[in-house]
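Notes for the structure review
The primary structure of each chain is shown beneath.
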Amino acid sequence: MGKKEPLVHIITNSVTINDTVNFVLASGGAAICADSPREVAEIVSLCDALMINIGMPSENKLAAMLIAGRRANEIGIPVVLDPVGAGASEFRREILGQLLEDVRFDCIRGNKSEIAALLGIPFQSKGVESASLELADEAVHGLAEKTGSVILMTGESDVVFDESEKFEISGGSPLMKKLTGSGCMYSAFIATRLADAGGEATVKVVRKAAADYKINTVKAIKLMKERGRLGTASFRQCLIDAMSTARLGEIFNEI
């Protein structure tokens, strides 16, 4: 492992920001959320990774994302892109076009419909949920090659692509689709792990992080059953609990 508590700069949406930050803390990192173009370059310079989430886009936020991304590339810290609702509007397509042109991303994490939109396939979902479509492996490998990014395509099974190889991670819980912000939390978790990678290859870090995330969704279900609590709100709490108890056992033992 690398840094004891990596600091992740998160530019995300206000719908999920609290859960996202808490999940970074639960996974052993720390987060700072700045989205003003006037300060993001300075903030990024203090951090070990950057996660850009395009949910709830605005012109001001786009400017901040571009400045932050360029600065992250300059200082050599990992950058993760979460293309929320990619293709749902012309504005989001423009944002992603500018980001992918100006910023090099180490990992792009999206559901199938979002990855499809990055490939130029028309958006086929009413919201940000995965659409029922199939993508050719060759096309996703091509996206990885074109962007220089590891592609993490999430769904019932998560699939990690680089330029030539494909790795499938099965398991997890169907409740993930019922929890707003689960993808935002996932992307921030990937950024946290990349910040703490200690020089390990990006594709290996992403694979391990994806498997760990899946494992913790299963642990969350077990916690729910043990506590006799059902429902998506309980799942959300138990997911954070599962991750934090795995990372902070020594602290809890001292209480």
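To be clear, the structure that these remarks concern was listed above.
Worth saying up front: this structure is predicted, and the values here are computed from it rather than measured.

Here is what the cut-offs are and how they apply
- Residues numbered from 1 in each chain as written.
- Predicted model: local features only at pLDDT ≥ 70, side-chain atom pairs only at ≥ 80, totals over all residues.
- Heavy atoms only, no water.
- Helix = DSSP H or I, 4+ residues; strand = E, 2+ residues; numbered from the N terminus.
- Buried < 20%, exposed > 50% of the residue type's maximum accessible area, 1.4 Å probe, protein only.
- Contact = heavy atoms within 4.5 Å.
- Salt bridge = Lys/Arg side-chain N within 4 Å of Asp/Glu carboxyl O.
- Expected span 1.5 Å × (residues − 1).
- Axes fitted to C-alpha atoms, helices over the stretch in contact; angles between N-to-C directions.
- Parallel < 35°, antiparallel > 145°, perpendicular 65-115°, else oblique.
- Left-handed = near helix turned anticlockwise from the far one by under 90°.
- Nonpolar A, V, L, I, M, F, W, Y, C, P; charged D, E, K, R; others polar.
- Pairing = 2+ DSSP bridges.

**Observations concerning the environment of Val140**
Position of Val140 relative to the elements: it lies in helix H6 (residues 137–147). For Val140, a relative accessible area of 0% corresponds to the buried category. With 122 residues separating them along the chain, Val140 and Asn18 place their C-alpha atoms 31 Å apart. Aside from chain neighbours lying at most four places away, what touches Val140 is Leu119, Leu135, Ile151 and Phe161.

**Re the pattern of salt bridges**
Under the defined criterion, the tally for this structure stands at twelve salt bridges. With its nearest N and O atoms 3.2 Å apart, the salt bridge here joins Asp106 to Arg104. The buried category is assigned to Asp106, whose relative accessible area is 10%. On the accessibility criterion, Arg104 (44% relative accessible area) is partly exposed.

**Points about helix H3 (residues 59–75)**
Spanning 17 residues, H3 covers 25 Å between terminal C-alpha atoms, matching the ideal 24 Å at 1.5 Å per step. Listing the buried residues of H3 in full gives Lys61, Leu62, Ala64, Met65, Leu66, Ala68, Gly69 and Ala72. Looking at the packing, one finds that the buried side of H3 touches strand S1 (7–11), helix H2 (40–45), strand S3 (49–53), strand S4 (79–82) and helix H4 (90–102). Following H3 by one or two positions, Gly76 has its phi on the positive side, about 80°.

**Some thoughts on the packing of H3 against H4**
Relative orientation and spacing of two packed helices are given, respectively, by the angle between their axes and the distance between those axes. Contact pair H3 / H4: the axes reach a minimum separation of 10 Å and the direction vectors enclose 15°. In this view, H3 runs roughly parallel relative to H4, as classed from their interaxial angle. At the point where H3 passes H4, the crossing takes the right-handed sense. Only Phe91, Ile95, Gln98, Leu99 and Asp102 of H4 make contact with H3, whose side of the interface consists of Glu59, Leu62, Met65, Leu66, Arg70 and Asn73. A class-by-class count of the residues in the contact of H3 with H4 yields six nonpolar, two polar and three charged.

**Re the sheet that holds strand S5 (residues 107–111)**
Read from one edge to the other, the open sheet built from eight strands follows the order S2-S1-S3-S4-S5-S6-S7-S8, with strand pairing classed as mixed. Edge positions in the open sheet fall to strand S2 (30–32) and strand S8 (166–169), since each of these has one partner strand only. When the angles between neighbouring strand axes are averaged without regard to direction, this sheet yields 20°. As paired strands, S1 and S3 are joined by four bridges and run parallel to one another. Across the sheet, Val8 pairs through a bridge with Ala49, a residue of S3. Most of the contacts of helix H7 (residues 182–195) go to S3, to which it runs at about 160°, and overall it touches S1, S3, S4, S5, strand S6 (150–154) and strand S7 (158–161).

Honestly, it's all geometry; don't read function into it.
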